[in-house]
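# An overview of the molecular structure
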Amino acid sequence: MMIKETSLRRDPDLRGELAFLARGCDFVLPSRFKKRLKSFQQTQIQNKPEKKPGTPLPPPATSPSSPRPLSPVPHVNNVVNAPLSINIPRFYFPEGLPDTCSNHEQTLSRIETAFMDIEDQKADIYEMGKIAKVCGCPLYWKAPMFRAAGGEKTGFVTAQSFIAMWRKLLNNHHDDASKFICLLAKPNCSSLEQEDFIPLLQDVVDTHPGLTFLKDAPEFHSRYITTVIQRIFYTVNRSWSGKITSTEIRKSNFLQTLALLEEEEDINQITDYFSYEHFYVIYCKFWELDTDHDLYISQADLSRYNDQASSSRIIERIFSGAVTRGKTIQKEGRMSYADFVWFLISEEDKRNPTSIEYWFRCMDVDGDGVLSMYELEYFYEEQCERMEAMGIEPLPFHDLLCQMLDLVKPAVDGKITLRDLKRCRMAHIFYDTFFNLEKYLDHEQRDPFAVQKDVENDGPEPSDWDRFAAEEYETLVAEESAQAQFQEGFEDYETDEPASPSEFGNKGNKILSANLPEKCGKLQSVDEE
């Protein structure tokens, strides 16, 4: 292939193409061609004028004898155009989306009319229920409204003070979640802490028809309120921050459940948060472990739960502070009743998202956000020791690890993350395998097709916690009824007076309404927070 030097020099396109082909292709081109091309490049570098600052580049020279026209040089515009201002509509409304169609003045006028029907236009906490309905709010918003308008200090709320408070609320907060946070939270706070719920829940205890029997046992008011608060934070506070925001309220069903309280007289039908039966089960389980009845339990006490089903290593992790708050409690090695509520729900319902996070924090010993093979082996070692003590041959860790990896299918081999466990929908089997021997053996003996059917079932089935609470409540009530009948029969035997069936029935009804004080006895008031 012969290329004339004149044609190579005059055709910049061909020259550039040849220079591009020459890079990395020295083993293909002849040495003679490489030498000519190299000398040509050196000549071009020597003849290239140095560019001075501020001096524009010279225009390319054109030759009339060029066989092809030169490529046009793009025009460089030195003027930088200013960016166009784009009007982006607002899309973030932390206080709710404003409703331009709402007529606040009409609402305030109805409130003023409602106050005129009250004597001296001063509403107490009970009259505030009528005002709440006029405002379009659920009945049990009345206590937060009463406090927000200054009623706690004087014992009543005037029309002027309430209308001024409600006008400000309507102008600055536009949805139920934002309004609820504003009514309950401390001044200048945009989130709710645990103590903020106490006035609301105390009003529920005092006025709900399903809790009238608790009036005879005021020492249990704080226990019930503590249980409900912990259940609220367990479900709603997804950030584990200890502070509930309006966003978390919007994503939960708490406000809808709170509105159901005025429609349902049987509070046990509302299994979320407020069920007295659930509180009864939780408190009785805690009472059995708390032998000295100071509302605190130790590691040894907690290990006795469910006949020592949980391993000692996972209990140590619970008391290490991975899931409990309060440096004093961690230092003294004690668990409060509030923390026990979290433990019990997490233990009995390992499908719950909060439960999955709870146990992941416990198993993540080094806190790196990943369950390594070392951590899995650490917890499984104790399971093997306990099975060998029972005469059961344990599965080798390598074989078990293959099963668990097939079960979870982690995104990264050898590293199980929290996202992997939530996605696989088999976290309850995974956790029981490593620290709950009784449930692990139950899973091993169960039909695998039944397990797969449970995973694929997306219907509105009751949760594991609801099933557990219902079964335990029936068991506890049956034990109380049998014990009461035995005591009554013993008294009748001493007096030689036979008891009628109707008396047995009346005694059973009394147990259902007042079984908690009878079982737990009279306690001194202890501040469990």
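For the structure itself, consult the block above.
Quantities reported herein were computed from a predicted structural model and do not represent experimental measurements.

## Here we look at the overall build of the chain
Along the chain, the regular secondary structure elements total 27 helices and 4 strands. Relative to its full complement of 529 residues, the chain shows a buried share of 40%. Of the roughly 31200 Å² of accessible surface on the chain, 53% is carried by carbon and sulfur atoms.

## Here we look at the pattern of salt bridges
Here the idea is simple: oppositely charged side chains can pair when their charged atoms come close. What the rule picks out here adds up to 24 salt bridges. Two residues, Asp294 and Arg334, come together in a salt bridge whose shortest N-O distance is 3.9 Å. You can see Asp294 sitting in the loop between helix H14 (276-289) and strand S3 (296-298) and its partner Arg334 sitting in strand S4 (residues 334-336), a full 40 residues away along the chain. Relative accessible area serves as the criterion here: at 25%, Asp294 is assigned to the partly exposed category. With relative accessibility at 28%, the residue Arg334 sits in the partly exposed group. Here Lys439 makes a salt bridge to Glu348, at a shortest N to O gap of 3.3 Å. Taken together, the positions of Lys439 in helix H24 (residues 437-445) and Glu348 in helix H18 (residues 337-348) put the pair 91 residues apart, joining distant regions of the chain. Exposure remark for Lys439: the relative accessible area of 17% places this residue in the buried category.

## Overview of the packing of aromatic side chains
All chains considered together, the criterion is met by 34 aromatic pairs. Seen in terms of ring centroids, Phe162 and Trp166 are 5.8 Å apart; in terms of plane orientation they differ by 10 degrees. Their pairing is stacked. Placement of the pair is Phe162 and Trp166 together in helix H8 (residues 159-172), with a separation of 4 residues, close to one helical turn. For the pair formed by Phe162 and Trp166, the shared burial category is buried. When the centroid spacing of 6.0 Å and the interplanar angle of 90 degrees are considered together, the rings of Phe220 and Tyr283 count as edge-to-face. On the criterion of sequence distance, the pair formed by Phe220 in the loop between helix H10 (198-207) and helix H11 (221-236) and Tyr283 in helix H14 is long-range, its members being 63 residues apart. Phe220 gets classed as buried once you look at its relative accessible area, which sits at 1%. For Arg313, the ring lying beneath its charged end belongs to Tyr378, and the centroid distance is 4.4 Å. Above the plane of the ring of Trp240 lies Arg361, whose end atom (NZ or CZ) is 4.0 Å from the centre.

## Overview of the environment of Gln269
Relative to the assigned elements, Gln269 resides in the loop between helix H13 (254-260) and H14. Gln269 sits in the exposed class, given a relative accessible area of 53%. Measuring from C-alpha to C-alpha, the distance between Gln269 and Gly210 comes to 9.9 Å, with 59 residues separating the pair along the chain.

## A closer look at the nonpolar core
Phe162, Trp166, Phe197, Phe254, Phe274 and Phe430 are the most contacted members of the largest nonpolar core, which has 122 residues in total. Ranked by residue count, the leading element in this core is H14, at 10 residues. When sequence neighbours within four positions are dropped, the list of residues in contact with Trp166 reads Thr107, Leu108, Ile111, Cys135, Cys137, Met145 and Leu183.

## Details of unusual backbone geometry
Unusually for a residue other than glycine, Asp307 sits at a positive phi of about 55 degrees. The residue Asp307 is located in the loop between helix H15 (299-303) and helix H16 (312-322) in this model.

Cut-offs used in this document
Residues numbered from 1 in each chain as written. Predicted model: local features only at pLDDT ≥ 70, side-chain atom pairs only at ≥ 80, totals over all residues. Heavy atoms only, no water. Helix = DSSP H or I, 4+ residues; strand = E, 2+ residues; numbered from the N terminus. Buried < 20%, exposed > 50% of the residue type's maximum accessible area, 1.4 Å probe, protein only. Areas by Shrake-Rupley, 256 points an atom, 1.4 Å probe, with all protein chains shown as cover. Salt bridge = Lys/Arg side-chain N within 4 Å of Asp/Glu carboxyl O. Phe/Tyr/Trp six-rings, centres within 6.5 Å; stacked < 30°, edge-to-face > 60°. Lys NZ or Arg CZ within 6 Å of the ring centre and 35° of its normal. Core = buried A, V, L, I, M, F, W, Y, C linked by side-chain atoms within 4.5 Å. Contact = heavy atoms within 4.5 Å.

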